[in-house]
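Each chain, letter by letter, is given below.
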Amino acid sequence: MPVFRWGNAWDAFRDLEREVDRLMGSMNFTPQGVRLGRTFPAVNFYEYEDHFLLTAELPGMTKSDLDLSIAQGVLTLKGDRRADEVSDNNYRRSERYRGQWQRNLNLPDRVIEEGLKAELVNGLLKITLPKAPEVTPRQIPIQEGGE
Amino acid sequence: MNEMNNELVPQNDPERMVPATSEAPEQRLLFTPPIDIYESEEGLVLVADLPGVTLENLELQVQDNKLTLFGRVNRYVPEGMLGQHEEYGVGDFLRSFILSDEVDHERINAKLNNGVLKVVLPKVERTEPRKINIDEGE
């Protein structure tokens, strides 16, 4: 005797899901998860007790292609990602970022600018920014107005 | 689309979680790396962005007519952070491609440089048509 169960009610849905997956799988469009159409480079920022850590994905970049600077709490990363010299006609697929790029990052806290350390290994940039010691709050005297 | 199907077809490897194994109990993220494919005199060239992947952690495999690249990225951010803002996830890279018969599987070569993988897929050299002698039957 067939008894209705909620568990079975989903089977049809799963069939549909599978069918749609199969259809999608047979199409040749850009797969999801491809890191496309987003800011280059992507940057991650982490805060630790006494420092910040910034990481960025810069595959193919070398030290000489990269320019880092810091001024007034803004860290600027810029560079040029050169592509192989290939005529556009020869491209079958082009998903990788090409050309010049720049990122200006507002730092959330004061850092010791002289203490910045950066390394670029296997296309990953890591910048360590030591936090500046807490500045003691300075009282601002308020003068009484009027005569 | 058909033209591309002839030679090198990127497979859809949707972003998904890799099932945890006993040696790696933590769940690892998996991403599809961006690629370029272009034609050159040497053959087709495939370029993939694999930041953080080292030579030891890269597997490149051809099985039947499927080329698969898998790059492992070990977690490089120390624990104990107080806060974080992430624009990208840290995880492994996987993508596979269907090669056409035109690719000479034996002569595929690859280089990894600063997190960029470059695979050259030379075309099979066309052999001259050979005349077949036909003997006259008796």
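Being a predicted model, the structure only gives us computed values, none of them experimental.

Caption draft 1: Broad picture of the nonpolar core. Formed by 29 residues in total, the largest nonpolar core has its most connected members in B:Leu46, B:Leu50, B:Leu69, B:Tyr76, B:Leu117 and B:Leu121. Among the elements of the structure, strand E4 (35-40), strand E5 (43-49), strand E7 (66-71), strand E9 (92-99) and strand E11 (116-121) of chain B are those that each provide at least two residues to this core. If near-sequence neighbours (up to four positions away) are discounted, B:Leu50 is found in contact with A:Pro59, A:Asn122, B:Pro33, B:Leu58, B:Leu69, B:Phe93, B:Gly115 and B:Leu117. Counting 18 residues, the second-largest nonpolar core is a separate cluster that includes A:Phe40, A:Val43, A:Leu58 and A:Leu125.

Caption draft 2: Structural detail: the confidence of the model for chain B. Residues and elements named next belong to chain B. For chain B, the mean per-residue pLDDT works out to 83, and 83% of the residues sit at or above 70. E11 holds the highest mean pLDDT among the elements of chain B, 96, whereas helix H1 (residues 2-5) holds the lowest, 41. The low-confidence segment residues 1-6, where pLDDT is below 50, has eight contacts with residues more than four positions distant or belonging to other chains. Of the regions scoring below 50 in pLDDT, residues 14-22 engages in 18 contacts with residues more than four places distant in sequence or in other chains.

Caption draft 3: Representation of the packing of aromatic side chains. Residue and element names in this part refer to chain A. The final tally for this structure, using the stated rule, is four aromatic pairs over all chains. Aromatic pair Phe40 and Tyr97: ring centres 4.6 Å apart, planes at 0°, arrangement stacked. On the criterion of sequence distance, the pair formed by Phe40 in the loop between helix H2 (11-26) and strand E1 (43-47) and Tyr97 in the loop between strand E5 (91-94) and strand E6 (99-106) is long-range, its members being 57 residues apart. Looking at Tyr97, the relative accessible area reads 31%, which means it is partly exposed.

Caption draft 4: Spotlight on the pairing of strand E8 (residues 124-130) of chain A. Residues and elements named next belong to chain A. With five of its seven residues buried, E8 lies for the most part within the structure. Note that strand E2 (residues 51-57) and E8 share seven bridges and pair antiparallel. Within the sheet, the bridge partner assigned to His51 lies in E8 and is Pro130. In the sheet, strand E7 (residues 117-121) pairs with E8 via five bridges, with the strands oriented antiparallel.

Caption draft 5: The arrangement of the sheet that holds E1(A) in detail. Within the open sheet, the five strands sit side by side as E7(A)-E8(A)-E2(A)-E1(A)-E8(B). Their pairing is antiparallel. Both outer strands of the open sheet, E7 of chain A together with strand E8 (83-86) of chain B, are each paired with one neighbouring strand and no more. The average undirected angle you get between the axes of adjacent strands in this sheet is 10°.

Caption draft 6: Up close: the pairing of E5(B). Residue and element names in this part refer to chain B. Among the seven residues in E5, seven count as buried, and that is most of the element. Pairing between E4 and E5: six bridges, direction antiparallel. From the neighbouring strand, Glu39 faces E5, where its bridge partner is Leu44. The turn linking E4 back onto E5 is made up of two residues. Where E5 meets E11, six bridges bridge the pair, whose relative direction is antiparallel. Residue pairing across strands places Val47 opposite Lys118, the latter belonging to E11.

Caption draft 7: Region of interest: unusual backbone geometry. The phi dihedral of A:Asn122 is positive, around 50°, even though this residue is not glycine. With respect to the secondary-structure elements, A:Asn122 resides in the loop between E7 and E8. By relative accessible area, which is 28% here, A:Asn122 ends up partly exposed. Unlike most non-glycine residues, B:Asn114 shows phi in positive territory, near 50°. Structurally, B:Asn114 can be placed in the loop between strand E10 (109-113) and E11. On the basis of relative accessibility, which here comes to 29%, the residue B:Asn114 falls in the partly exposed class.

Each value, and the rule that gives it
- Residues numbered from 1 in each chain as written.
- Chains lettered and ligands numbered in written order.
- Predicted model: local features only at pLDDT ≥ 70, side-chain atom pairs only at ≥ 80, totals over all residues.
- Heavy atoms only, no water.
- Core = buried A, V, L, I, M, F, W, Y, C linked by side-chain atoms within 4.5 Å.
- Buried < 20%, exposed > 50% of the residue type's maximum accessible area, 1.4 Å probe, protein only.
- Helix = DSSP H or I, 4+ residues; strand = E, 2+ residues; numbered from the N terminus.
- Contact = heavy atoms within 4.5 Å.
- pLDDT = per-residue confidence, 0-100.
- Phe/Tyr/Trp six-rings, centres within 6.5 Å; stacked < 30°, edge-to-face > 60°.
- Pairing = 2+ DSSP bridges.
- Axes fitted to C-alpha atoms, helices over the stretch in contact; angles between N-to-C directions.

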